[in-house]
Every structure is written in structure tokens, then in C-alpha cells.
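These are the residues of each chain, in order.
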Amino acid sequence: MHTLAHWRENAALLKPETRHFIDGAYVPASDERTFSSINPATGRPVAEIARGTARDIDTAVAAARRSFRKGVWSRMAPRARMRIMQAFADLIEANGEKLALLDTLEMGKPISSSLGVDLPASVNAIRFFAETIDKIEGVVTNTDVSALHYILRQPLGVVGLIVPWNYPLMMACWKLGPALATGNSIVLKPAEQSSLSALMLGELFVQAGGPPGVLNVVTGLGEEVGKALALHMDVDKIGFTGSTEIGKLLLIYAGQSNMKRVTTECGGKSPQIILSDYDDLDTAAAYAVDGIYSNQGEVCSAGSRILVDRKIHDAFVERFIATAGKRYAVGDPLDPSTTMGPLVDKRQQERVLGYVDGAVKEGAKLELGGRRSETFAEGAYVEPTLFSKVMPGMQIAREEVFGPVAAIMPVDGADHALSIANDSIYGLAASIWTKDLATAHRFARDVEAGVVWVNCYEHGDMTSIWGGFKQTGNGRDKCLEALTQFSQTKSVWLNLG
Ligand code: NAD
């Protein structure tokens, strides 16, 4: 890992591309307007970025549709497509330092995370889906001898991908992987807080040999370009990761337009449960701390509700505070030793501090943090925060804070923990710490969550599914199942009679 001086020098030299990437070329917004991307660590601008319009979306969708109709990607021989996607992954890896730096400058995550976590996960996602291309099969069914019936799996057409800012590069690659592997043409809309790495992805895809028009990137505001994409009559599907509030809007837009398919990967309020039979409290506390504070708590699967058996509650709170103090401190995100950067912007900082005030008013006990950083006053920082004496009805126990704020609640055994765990509109992830196999399996079966961890947190690889139950949405990223979300089946019946 390079030094702080290296990253600062590189940041000063950066000249990122800030225009849309459409049909293989960079173009300004149709009305040439821009918006400012602000570095949340300093409050200073990073770049002036094209503020897209509905016309820009029309142009990008038309380019995508043309490329799809021509079959330059959708009908390219599978192994040729695979080679381009592999080259695309290689180029992402080779340009990793720049991509990581862009994400860190725009949304504040520590450079050690953007380079050490997001980058390899992004490369892996493109490689994993590249490897599937010539393994996607149809089915021949068992019909009467007078007929032959087979089922083809085909691309959807033009796919709009709308992604959030918390893992800008990785969220884009999780969706691009299956969407490209199944042969679709794409319009990618990054979050306005983190546009620059997505723009680079468009260019790298073409450099890798991808035909122009297959991957287009349009930047701008959600309520302008995001909405125009979701309402577009010639878009066949929206793949979305973001808040539940916007996910619901996208379902409405689909109904108001062409009934396009919509998959949603939305919010969470994930429980981490520590039962009293689990005797290694140090390990459980270390995972619980990482589960809530990594990426500043701006993680859909952040383990923000920590349910601890009453018998070990006080000892656990003590360990949690000691471990958090050792592992997380706010700092300059360009410093490779920093473990917690600023939140994405001042608005998010105010929102998170609003939750802290609300929790204090509702009677929760502030055990740690709950403040802006005095040392880094110009940035959007919030210190690692912990509340105890949280009741299940409190706002801090029910709503997604999306910041470094943990709520610890005492529980009396596994059944009590399960009932609190399931008392949520969300259902993304859940963990349980226990030495008892039957308890672990029962919990895994009964908890309403798409991802369950036993005696760990945030473990997994590309083969594990990513997606939730309830108002976390209906999407499934990463795994082979993701391929089904970007393709459709066709039934072909041949009369042999
Ligand atoms: P957001 O919903 O505000 O924005 C997400 C994307 O939607 C952005 O690109 C934004 O520009 C766009 N958008 C906003 N308004 C729109 C509109 N009216 N029409 C179309 N598009 C619009 O979410 P965010 O603040 O960027 O991200 C944080 C949220 O994402 C959290 O709720 C988090 O839990 C969720 N998330 C979920 C997962 C998952 O896998 N389940 C992963 C990461 C983040």
C-alpha cells in the first residue's frame, strides 16, 4: 500500500473524464449543464460532472437498442464475448489505483478499502460472470415423440442499471457482470455522489474490445436521469440497488410506462445475535464491531441491531467499546492507515446525527461517539457510535441509519432474539453466534433474511447470493441466479408428426 503522500500527489494530478459515455464516446450533457461532485473529507469540489437530461437518456437508450438489434454483443460467439469480458476485468484491475482513488475522493471511503476490498470484488464479479457465458444452457423437455420442445434463454434487450454510492465500483460491477454475460446492452446510471469510476468503466469496456453502444454511462441526478431511464418506453429492465424509498418509486415508474422488469436491492436493518453459550466474546465483539463500522456503516447489510443475551450483555458492551476503540478511528481517507472516512456528504452527516439526537431523546444510552469529528471539522465525519438500552420500538432500532451507529438490545435466549430479528420491514442479512448446531440451523431456517451467517459476519464469495426478503427487495446479485434476472426464457415447439 502506498503512502499518504503518494495518494495526495495522485489526487492532485487526476484529470477524470466527466462527460457521459454514449455509443463509445464521451459527450457533454445535451444542455451542457453540470453538477459539482464534492469531496466529503474536505468539502472541496472533485469535479464538475455532466448533469444528464431526459434527452441524454433517449440518446443512450437509442445507442443501446441499436447495438442490441445489430447483435454486435448479444449474438457474438460466447467465447469471443467471454474473452472481451476477461479483458475488461484485466483492465479494471490494471487501472485499479485510479478507480479506487476516484471512489475515495468522491464518497470518502478509506483508500485501503477502495483498493483492498472494492477493487478485487469488482474484478472478481466481472471474471465470475465472464466464465459463465458459454455455460448458460437451455433445456430440452420430455415431450411426446411427435414433437421436440426446447427452452431457450435469451437476453432481455436494453437494461438500465441504477446504482448507489456506498460501493460505487463494486455495485456497478455486480450488475454489469450478469447483464453483460447474458448479452444485454446497457445504460448505467451511477449515483450523483460517485459518478467518476462508472464513467471509466464505459471506456475500459470499449478498450477491452466491447462494441460501442453496448455499455453506455449517463451521469446526473436521480430524479432527472434516473427517473427518465426508469420511465423509458424502450428500456426492458431496471436493475436497481439503493434505498427502499426509491426502489418503490421504480416499481411505480414501471407500471406507469412499459411494465419493464424491475429488480430491487434495497435497505436493511440487519441483526447480529450473540447468545450466551458462545464463549469467545472477543471474537464475537470484533465481528460485531466490523459488522457495523466498516465502510462508515454505509453498508446495506450493516449489522446495526446487536441483540445480546442478557447474561453476557454488560461484558459484551465493554468488549465492544474496547474493540471499537482499537479498530476504528476517523481519519483522512487517503491515509492508508485510516479505518473510517467521512460519510458521503454533509446531508448524510446531518441525517445520522439526527438519529443520534432522536435516540437520546427516546431514552437510549449513548455509550460511544455520537459526535462530529473535531479534528476533521471540515469533513462530513461522524465518530463510531454505540447506544445501549435500546428498545425494539425505538426509531434507532427500526430505521436504516446508514452510518456508524450501533444499537445494542438485551434478549432472553434464541426465540426472543428471533422474534426481535424478524420484527423489521427489512430482511437482508442476519447473524447468530452460538455453539449449538440445532439453534443455529433453526435460526437460519426461521429468520426472515436473504443472507445468514453463523459465527461470522460478511463472509462470502461470488457463489453466494446477495439479496433480501421483504422490503429489502426482490433482487439477487453475485450468484448464478443473477443470470436469470437479466435473461428470459422462450419456449420452442417443433411438430415432428
Ligand atoms: P438512493 O435510493 O438515494 O439512490 C440510489 C440510486 O437511485 C442513485 O443512483 C440515485 O441517483 C437514483 N435515484 C434517486 N432518485 C431516483 C428516482 N426518482 N428515479 C430513479 N432513480 C433515482 O440510495 P443511496 O443513498 O445511493 O444508497 C443507499 C441505499 O442503498 C441504502 O438504503 C442501502 O441499504 C442501499 N443499498 C442496498 C444494497 C443491497 O444489496 N441490498 C447494496 C448497497 C446499498
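These remarks concern the structure in this document. (Residues numbered from 1 in each chain as written. Predicted model: local features only at pLDDT ≥ 70, side-chain atom pairs only at ≥ 80, totals over all residues. Heavy atoms only, no water.)

Counted under the stated rule, the structure contains 14 aromatic pairs. Centre to centre, the rings of F88 and F205 are 5.4 Å apart; their planes meet at 80°, and the pair counts as edge-to-face. Within this pair, whereas F88 is found in helix α3 (residues 78-94), its partner F205 is found in helix α7 (residues 196-207), the two being separated by 117 residues in sequence. Assigned by exposure class, F88 and F205 land together as buried. Measuring from centroid to centroid gives 6.2 Å for F316 and F320, while their planes differ by 45°, and the two rings are tilted. With F316 and F320 both in helix α11 (residues 313-327) and four residues apart, this pair spans about one turn of that helix. Owing to a relative accessible area of 0%, F316 belongs among the buried residues under this scheme. For F320, a relative accessible area of 0% gives the class buried. One Lys or Arg, R81, reaches over the ring of W73 and ends 5.7 Å from the middle of that ring. In this structure, K237 is placed above the aromatic ring of F486, and the distance from its NZ or CZ to the ring centre is 4.5 Å. (Phe/Tyr/Trp six-rings, centres within 6.5 Å; stacked < 30°, edge-to-face > 60°. Helix = DSSP H or I, 4+ residues; strand = E, 2+ residues; numbered from the N terminus. Buried < 20%, exposed > 50% of the residue type's maximum accessible area, 1.4 Å probe, protein only. Lys NZ or Arg CZ within 6 Å of the ring centre and 35° of its normal.)

The next thing to look at is the sheet that holds strand β5 (residues 139-140). Reading across from one edge, β5-β6-β21 is the order of the three strands in this open sheet, with antiparallel pairing throughout. The sheet is open, and its two edges are formed by β5 and β21 (487-495), each paired on a single side. Bridge analysis of β5 against strand β6 (residues 147-155) gives two bridges, and the strand direction is antiparallel. Its bridge partner being in β6, V140 is matched across the sheet by Y150. (Pairing = 2+ DSSP bridges.)

We now examine the packing of α3 against α7. Running from N to C, α3 and α7 point in directions that differ by 130°, and their axes come no closer than 8 Å. Comparing the axis directions of α3 and α7 gives the class oblique. Helix-helix and strand crossings are classified by hand; for α3 and α7 the assignment is right-handed. Along its contact with α3, which presents I84, F88, L91 and I92, the element α7 presents L201, L204, F205 and Q207. (Axes fitted to C-alpha atoms, helices over the stretch in contact; angles between N-to-C directions. Parallel < 35°, antiparallel > 145°, perpendicular 65-115°, else oblique. Left-handed = near helix turned anticlockwise from the far one by under 90°. Contact = heavy atoms within 4.5 Å.)

In this section: the site of the ligand. Lining the immediate environment of the ligand, one finds 30 residues, of which V163, K189, E192, S243 and E400 sit closest. Interatomic distance of 2.5 Å between a side-chain N/O atom of E192 and an oxygen atom of the ligand. Measuring from a nitrogen atom of the ligand, one finds a backbone N or O atom of C266 at 2.8 Å. Isolated, the ligand exposes 860 Å² of accessible area, and the fraction of that covered by the protein chains is 91%. Given that more than half its atoms are within 2 Å of the pocket grid, the ligand belongs to the largest pocket. (Near = heavy atom within 4 Å. Polar contact = N/O pair within 3.5 Å; in protein donor to acceptor, adjacent residues only side chain to side chain. Areas by Shrake-Rupley, 256 points an atom, 1.4 Å probe, with all protein chains shown as cover. 1 Å grid on protein atoms, 1.4 Å probe; cavity = no way out; pocket = protein on both sides within 12 Å on 5 of 7 lines; lining within 4 Å. Sits in = over half its atoms within 2 Å of the grid points.)

Approximately 1300 Å³ is the volume found for the largest pocket. Lining of the largest pocket is provided by 44 residues; of these, W165, Q193, S243, I246 and R347 occupy positions nearest its centre. Elements that contribute at least two residues to the lining of the largest pocket include exactly β3 (34-38), α8 (222-231), β10 (237-241), α9 (244-256) and α12 (346-362). Broken down by element, the lining of the largest pocket gets its largest block of residues, six residues, from α9. Counting contributing residues per domain, the lining of the largest pocket is built from domain 1 (4-266) and domain 2 (271-470), each supplying no fewer than three. Roughly 780 Å³ of internal volume is contained in the second largest pocket. Taken together, 33 residues make up the lining of the second largest pocket; nearest its centre are V117, Y167, M170, W174 and E458. Only α5 (111-132), α6 (168-181), α10 (281-293) and β19 (451-454) provide two or more residues apiece to the lining of the second largest pocket. For the lining of the second largest pocket, the element with the most residues is α5, which contributes seven residues. Each residue belonging to the lining of the second largest pocket can be placed in one class, and the counts come to 17 nonpolar, eleven polar and five charged. (Points joined across faces, edges and corners; volume = space filled by probe spheres on them. Domains from an automatic or database assignment. Nonpolar A, V, L, I, M, F, W, Y, C, P; charged D, E, K, R; others polar.)

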